[in-house]
Amino acid sequence: MTSATELPGRPRAGALGGPATARATCVLAPNPSPMTLDGTNTWIVAEPDSDLAVVIDPGPLDETHLQAVVATAEAAGKRIALTLLTHGHPDHSGGAARFAELTGTHVRALDPALRLGGEGLGIGDVVTTGGLELHVLSTPGHTADSLCFHLPADGAVFTGDTVLGRGTTVVAHPEGRLGDYLDSLRRLRALTVDEGVGTVLPGHGPVLDDACGAVDFYLVHRAKRLAQVETAVESGYSTPSEVVAHVYADVDHSLWPAAELSVRAQLEYLGEHGLIQ
């Protein structure tokens, strides 16, 4: 058996829900699947001495889960004052409108179609609700609207689906683009080096206590997959489905449709860089 310390990013052992840092608490949504792993991580974030909290990704439209998020905050003496979205996939944002009704909060997102209350999120914005300091980072690639949130006080970053707590993420072509995704990973790596970020608080899976190691793993994985796709094309596998069957032969077949999205993004990237015809 492989120990947790040997896994990429040093995933934290134990239950996924509950306090993760001094300021961040996870409420796990009941939507497990091969794509969502154990379920969506909804994050409640607040300064320890504040009675106001921010929620990141309320999750799917599941009344029991949304009520549980509110109850968890209230049990800690917090009132939810703002909702943020890392991106628009329904396992993260599907419950946002209902959650806004329950809490009376605005929903801020990069995509104007997901906003409730007018104010959106811009690159470089700093959210300061309840004295909290969350820096908005542009991290497109998984989707065009993907954001991460840097929590300097805890040396942590909320990564949505850009970096997961287990496995790797999908570049959701055509909206997701591999070049953008690689740039986003490099941006996150710089954050670990320049800003001392050590903890990844992902949208799915366990907390990672080696942020730099996790991002390095992702960069190496992407480079290897890209080389495999390029070799497959050179060997005569011409369609995305053929490349998936060849390159992802060791991956659960139920994940092949998602893998095909990433392959399409990789083929596009290789074509743009003149590496394949």
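A brief report on the enclosed structure follows. A quick note: this is a predicted structure, and the numbers were derived from the prediction, not measured.

## Thoughts on the overall build of the protein chain
Okay, step 1: What the protein chain contains, in helices and strands, is seven helices and eleven strands.
Okay, step 2: In terms of C-alpha radius of gyration, the protein chain reaches 19 Å, essentially the compact-globule figure of 19 Å for 277 residues.
Okay, step 3: The principal-axis extent of the C-alpha atoms belonging to the protein chain is close to 60 × 40 × 35 Å.
Okay, step 4: Every one of the 277 residues in the protein chain was classed for burial, and the buried ones make up 50%.
Okay, step 5: A fraction of 62% describes how many contacts in the protein chain between residues 6 or more apart in sequence connect residues 24 or more apart.
Okay, step 6: Only carbon and sulfur atoms are counted for the fraction: they give 54% of the accessible area of the protein chain, which is about 11,800 Å².
Okay, step 7: Here the protein chain contributes 17 positively and 34 negatively charged side chains, and the mean placements of these two sets differ by 2 Å.

## Regarding the pairing of strand 5 (residues 79-84)
Okay, step 1: With five bridges connecting them, strand 4 (residues 52-56) and strand 5 associate as parallel partners. Residue pairing for strand 5: Val54 is matched across the bridge by Leu82.
Okay, step 2: With helix 1 (residues 63-75) bridging strand 4 and its parallel neighbour strand 5, the resulting β-α-β unit is right-handed.
Okay, step 3: Bridging between strand 5 and strand 6 (residues 107-108) involves two bridges; their strand directions are parallel. If you follow Leu84 over to strand 6, its bridge partner there is Arg108.

## Here's the deal with the packing of helix 5 (residues 211-234) against helix 7 (residues 256-272)
Okay, step 1: Helix 7 packs onto helix 5 with a crossing angle of 75° between their chain directions and a minimal axis gap of 10 Å. Here helix 5 lies roughly perpendicular to helix 7, going by the angle between them. Packed against helix 5, whose contacting residues are Arg222, Arg225, Leu226, Val229, Glu230 and Val233, the element helix 7 presents Ser262, Gln266, Leu267, Tyr269 and Leu270 at the interface.
Okay, step 2: Residues of the contact of helix 5 with helix 7, tallied by class, amount to six nonpolar, two polar and three charged.

## Digging into the sheet that holds strand 9 (residues 147-151)
Okay, step 1: What the five strands build is an open sheet, ordered 7-8-9-10-11; its pairing is mixed. In this open sheet, the two edge strands, each paired with only one partner strand, are strand 7 (126-127) and strand 11 (199-202).
Okay, step 2: Relative to strand 11, strand 10 (residues 156-160) is paired through four bridges, and the arrangement is parallel. Opposite Phe158, over in strand 11, you have Leu201 as the bridge partner.
Okay, step 3: Sitting on the sheet, helix 4 (residues 178-194) is in contact with strand 8 (134-138), strand 9 and strand 10, with an inclination near 145° to strand 8.

## Some points on the packing of aromatic side chains
Geometry of an aromatic ring pair is reported as the spacing of the ring centres plus the angle between the planes.
Okay, step 1: Tallied over the entire structure, the rule returns two aromatic pairs.
Okay, step 2: Ring geometry for Trp43 against Phe158: centres 5.7 Å apart, planes inclined by 65°, an arrangement best described as edge-to-face. A residue pair is termed long-range when its members are at least 10 positions apart, and Trp43 in strand 3 (residues 41-45) and Phe158 in strand 10 qualify at 115 residues. Considered together, Trp43 and Phe158 belong to a single accessibility category, that of buried residues.
Okay, step 3: When the ring of Phe217 is compared with that of Tyr218, the centres are 6.2 Å apart and the planes differ by 70°; the resulting orientation is edge-to-face.
Okay, step 4: Using a relative accessible area of 34% as the deciding quantity, one classes Phe217 as partly exposed.
Okay, step 5: For Tyr218, a relative accessible area of 3% puts it in the buried group.
Okay, step 6: A cation sits over an aromatic face here: Arg225 above Tyr248, 4.2 Å from the ring centre.

## Overview of the environment of Asp180
Okay, step 1: With respect to the secondary-structure elements, Asp180 resides in helix 4.
Okay, step 2: Judged by relative accessible area, which is 30%, Asp180 ranks as partly exposed.
Okay, step 3: A sequence separation of 42 residues divides Asp180 from Ser138, and the C-alpha atoms of the two residues are 9.9 Å apart.
Okay, step 4: Apart from residues no more than four positions distant in its own chain, Asp180 is found in contact with Pro140 and Gly141.

What counts and what doesn't
Residues numbered from 1 in each chain as written. Predicted model: local features only at pLDDT ≥ 70, side-chain atom pairs only at ≥ 80, totals over all residues. Heavy atoms only, no water. Helix = DSSP H or I, 4+ residues; strand = E, 2+ residues; numbered from the N terminus. Rg over C-alpha atoms; globule rule 2.2 N^0.38 Å. Buried < 20%, exposed > 50% of the residue type's maximum accessible area, 1.4 Å probe, protein only. Contact = heavy atoms within 4.5 Å. Areas by Shrake-Rupley, 256 points an atom, 1.4 Å probe, with all protein chains shown as cover. Lys, Arg positive; Asp, Glu negative; His and termini not counted. Charge placed at Lys NZ, Arg CZ, Asp CG, Glu CD. Pairing = 2+ DSSP bridges. Right-handed = clockwise from strand over helix to strand, strands pointing away. Axes fitted to C-alpha atoms, helices over the stretch in contact; angles between N-to-C directions. Parallel < 35°, antiparallel > 145°, perpendicular 65-115°, else oblique. Nonpolar A, V, L, I, M, F, W, Y, C, P; charged D, E, K, R; others polar. Phe/Tyr/Trp six-rings, centres within 6.5 Å; stacked < 30°, edge-to-face > 60°. Lys NZ or Arg CZ within 6 Å of the ring centre and 35° of its normal.

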